[in-house]
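These are the residues of each chain, in order.
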Amino acid sequence: MVVAGTILFAVAYLTGPDAMHRKSPRRSYVVIGSLFLLILVPLSLNTMATLFVQTWSNRIETAAVAWLAETPNAQVLDVEFSSTTTTIDVLNANALHPTAQALLDSLKGQIPAGIEIVIDGTVAS
């Protein structure tokens, strides 16, 4: 809101009735450009980070569903991404899950190496 107001007043200053009598509008252009960069850079970085996290979450969920495909009555409930840890919530009718190494092997090259995978299993009755 403050930035929008500043831009509005800077543009109004540039196009005001006595704009022809001012020396140079360069200062206003620098302020407007700086404000756009101040907003655009963090917004772009946040958007990119969100896209990466969403892509990794989708890859993990797809791999987890494929990992549980041969296990009867097992399903992936949720994939939750928090910092560098991903928690996969699994609901299984059996007490035993397939080996997690198969899941980790299928994720190699799909997600960055520093992401920790936690499998939270719930046994359904």
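Data block above holds the structure.
Predicted model, so just to flag it, every value in this text is computed and none were measured.

Trainee: How do you make sense of the environment of Leu104 when you look at a structure like this?
Mentor: Tracing the backbone through its elements, the reader meets Leu104 in helix α3 (residues 100–107). Residues Leu104 and Glu116, twelve residues apart in the sequence, show an inter-C-alpha distance of 9.9 Å.

Trainee: Looking at this structure, how should I read a nonpolar patch on the surface?
Mentor: Taken together, Leu37, Val41, Leu45, Met48 and Phe52 make up a surface patch of nonpolar side chains, about 500 Å² in accessible area. Here Phe52 is to be found in helix α2 (residues 26–67).

Trainee: I keep staring at the sheet that holds strand β1 (residues 74–82) and nothing clicks. Help me out?
Mentor: Each strand in a sheet pairs with its neighbour through backbone hydrogen bonds, running either in the same direction (parallel) or in the opposite one (antiparallel). The three strands lie next to each other as β1-β2-β3, forming an open sheet whose pairing is mixed. Two strands in the sheet have a free side with no partner beyond their single neighbour: β1 and β3 (116–123). Across this sheet, the average inter-strand angle for adjacent strands is 20°, counted without regard to direction. Sheet analysis places strand β2 (residues 85–92) next to β3, joined by eight bridges and oriented parallel. Residue pairing for β3: Thr86 is matched across the bridge by Ile117. Relative to the sheet, α2 contacts β1, β2 and β3, its axis offset from that of β1 by approximately 155°. On top of the sheet, α3 reaches β2 and β3; it is set at about 140° to β3, its chief contact.

Trainee: Even after reading the chapter, I still don't get the side chain of Thr71, so can you show me in this structure?
Mentor: With respect to the secondary-structure elements, Thr71 resides in the loop between α2 and β1. A relative accessible area of 15% places Thr71 in the buried class. Ignoring any residue separated from it by four or fewer positions in sequence, one finds Thr71 in contact with Asn92, Asn94 and Pro98.

Trainee: What should I look at first to understand the packing of aromatic side chains in this one?
Mentor: Each pair of aromatic rings is reported with the distance of its centres and the angle of its planes. If you walk through the whole model with that rule in mind, you get two aromatic pairs. With 5.7 Å between their ring centres and 15° between their planes, Phe52 and Trp56 make a pair best called stacked. With Phe52 and Trp56 both in helix α2 and four residues apart, the pair spans about one turn of that helix. The exposure class assigned to Phe52 is partly exposed, which follows from its relative accessible area of 46%. Ring pairs connect the aromatic residues Phe52, Trp56 and Phe81, which therefore count as one cluster.

Procedures and definitions
Residues numbered from 1 in each chain as written. Predicted model: local features only at pLDDT ≥ 70, side-chain atom pairs only at ≥ 80, totals over all residues. Heavy atoms only, no water. Helix = DSSP H or I, 4+ residues; strand = E, 2+ residues; numbered from the N terminus. Patch = residues over 30% accessible without salt bridge, like charges linked within 9 Å, V, L, I, M, F, W, Y side chains within 5 Å. Areas by Shrake-Rupley, 256 points an atom, 1.4 Å probe, with all protein chains shown as cover. Salt bridge = Lys/Arg side-chain N within 4 Å of Asp/Glu carboxyl O. Pairing = 2+ DSSP bridges. Axes fitted to C-alpha atoms, helices over the stretch in contact; angles between N-to-C directions. Contact = heavy atoms within 4.5 Å. Buried < 20%, exposed > 50% of the residue type's maximum accessible area, 1.4 Å probe, protein only. Phe/Tyr/Trp six-rings, centres within 6.5 Å; stacked < 30°, edge-to-face > 60°.

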